[in-house]
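Chain residues, written in single-letter form:
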Amino acid sequence: EVKKLLDEGQALVDAKSWPDAVRTWQRVLVLTPKGRYADLANQALPAAQKGLGAEFERLSALLVPGKAAEGYRLAEFQKACAGLAIEKDVVARLRKAESDKATKDEIAAWRLDVEATAILTEAQKAADGGDEKKAARTVRKLFTKKYATTSAATTARKLWPEVAAEEARRRGCRSVSY
């Protein structure tokens with residue numbers, strides 16, 4: 001098992017999958033705290049930790065006005081770092097960005113667009129599965145005030161114009177923009 005972990009650790013370092021590489025090297029050290037395998041892990045672990053830190057800094061640097069949505073991929077990085085020592089720093093940086101006046105609106109808009117895209121995907125899966133009622137019910141969520149300005153809502157209006165028109169009538173709108 002240790003030899004397999006050594007190969008896996010090296011492959012993860014080569015792929016620059018730093019969180020998984022750190023975990024793998026730490027596991028090697030847990031399984032073999034002394035010996036040649038431990039020496040190999042002790043040599044590789046600092047490089048993986050350095051790469052992990054560099055990736056954190058790179059993503060954190062993107063959390064500035066105009067690029068905050070791109071930098072918010074740090075949230076995905078946080079999930080990958082779950083259980084590692086760096087996780088608390090990632091969480092702190094995300095909270096700071098979410099509360100920063102300069103970036104919080106951009107991050108909120110990005111999150112809203114991600115939610116809307118997930119709803120659209122769910123509706124499309126239901127339609128592809130032949131469940132038109134579920135698709136219509138799901139896509140109606142995109143026509144609410146909350147999601148009306150998202151790109152997913154625009155796409156939904158084109159894919160389900162009859163549902164969009166019905167929702168517009170129901171909500172008292174006179175016209176539906178496509």
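Source: prediction; values computed, not measured. (Residues numbered from 1 in each chain as written. Predicted model: local features only at pLDDT ≥ 70, side-chain atom pairs only at ≥ 80, totals over all residues. Heavy atoms only, no water.)

Q: Go over the overall build of the protein, please, and point to the residues and values.
A: Broken down by element type, the protein carries ten helices and zero strands. Moving toward the C terminus, one meets the helices and strands of the protein in the order α-α-α-α-α-α-α-α-α-α. Projected onto its principal axes, the C-alpha coordinates of the protein cover approximately 75 × 40 × 20 Å. Scored against the burial criterion, the 178 residues of the protein give a buried share of 38%. Sequence separation of at least 24 residues holds for 49% of the intrachain contacts in the protein that already meet a minimum separation of 6. For the protein, the accessible surface area stands at approximately 10,900 Å², while carbon and sulfur atoms represent 53% of it. Put simply, the protein has 33 plus and 25 minus side-chain charges, and the middle of one group is 4 Å from the middle of the other. (Helix = DSSP H or I, 4+ residues; strand = E, 2+ residues; numbered from the N terminus. Buried < 20%, exposed > 50% of the residue type's maximum accessible area, 1.4 Å probe, protein only. Contact = heavy atoms within 4.5 Å. Areas by Shrake-Rupley, 256 points an atom, 1.4 Å probe, with all protein chains shown as cover. Lys, Arg positive; Asp, Glu negative; His and termini not counted. Charge placed at Lys NZ, Arg CZ, Asp CG, Glu CD.)

Q: Talk me through the nonpolar core; I want residue IDs and the actual numbers.
A: Counting residues in each nonpolar core, the largest one holds 34 residues, and the members touching the most others are Trp25, Val28, Leu52, Leu74 and Phe77. For this core, the secondary structure elements donating two or more residues are helix H1 (2-14), helix H2 (18-31), helix H3 (36-61), helix H5 (74-80) and helix H6 (87-99). Contacts of leucine 74, omitting those with residues within four sequence positions, involve Phe56, Leu59, Ser60, Leu63, Val90, Arg93 and Leu94. Counting 18 residues, the second-largest nonpolar core is a separate cluster that includes Ala116, Leu120, Ala156 and Val163. (Core = buried A, V, L, I, M, F, W, Y, C linked by side-chain atoms within 4.5 Å.)

Q: I'd like a description of the packing of H2 against H3, backed by residues and values.
A: Here H2 crosses H3 at 155°, and the two axes come no closer than 8 Å. On the basis of the axis angle, H2 is roughly antiparallel to H3. H2 and H3 meet at a crossing whose hand is left-handed. Across the interface between the two elements, Trp18, Pro19, Ala21, Val22, Trp25, Gln26, Val28 and Leu29 of H2 pack against Tyr37, Ala38, Ala41, Asn42, Ala44, Leu45, Ala47, Ala48, Gln49, Gly51, Leu52 and Glu55 of H3. (Axes fitted to C-alpha atoms, helices over the stretch in contact; angles between N-to-C directions. Parallel < 35°, antiparallel > 145°, perpendicular 65-115°, else oblique. Left-handed = near helix turned anticlockwise from the far one by under 90°.)

Q: An account of H3 is requested, with residue identities and associated values reported.
A: The end-to-end C-alpha distance of H3, which contains 26 residues, comes to 38 Å, matching closely the 38 Å that a straight helix rising 1.5 Å per residue would cover. At alanine 44, H3 shows its maximal bend, which comes to roughly 25°, and the proline proline 46 appears one to four places after that position. Within H3, the full set of buried residues consists of Tyr37, Ala38, Ala41, Ala44, Leu45, Ala48, Gly51, Leu52, Phe56, Leu59 and Ser60. (Expected span 1.5 Å × (residues − 1). Bend = angle between axes of the 7 residues up to and from the residue.)

Q: An account of the environment of valine 163 is requested, with residue identities and associated values reported.
A: Locating valine 163 in the fold gives a position in helix H10 (residues 161-171). Assessed through its relative accessible area of 7%, valine 163 is described here as buried. C-alpha of valine 163 to C-alpha of leucine 120: the two residues are 43 residues apart in sequence and 13 Å apart in space. In this view, valine 163 contacts Ala136, Val139, Arg140 and Phe143; residues no more than four positions away in its chain are not counted.

Q: If you had to explain the pattern of salt bridges to someone new, which residues and values would you point to?
A: A complete count under the given rule lists nine salt bridges for this structure. One salt bridge in this structure joins aspartate 20 and arginine 23, with 3.4 Å as the shortest N-O distance. On the criterion of helical spacing, the pair formed by aspartate 20 and arginine 23 is a turn pair, its members being three residues apart in helix H2. By relative accessible area, aspartate 20 is classed as partly exposed at 36%. Salt bridges linked by common partners bring Arg140, Glu166, Glu167 and Arg170 together as one network. (Salt bridge = Lys/Arg side-chain N within 4 Å of Asp/Glu carboxyl O.)

Q: I'd like to hear about a positive patch on the surface, residue by residue, with values.
A: Side chains of Lys133, Lys134, Arg137 and Lys141 sit close together on the surface and give a patch of like positive charge. Its location among the elements puts lysine 133 in helix H8 (residues 132-139). (Patch = residues over 30% accessible without salt bridge, like charges linked within 9 Å, V, L, I, M, F, W, Y side chains within 5 Å.)

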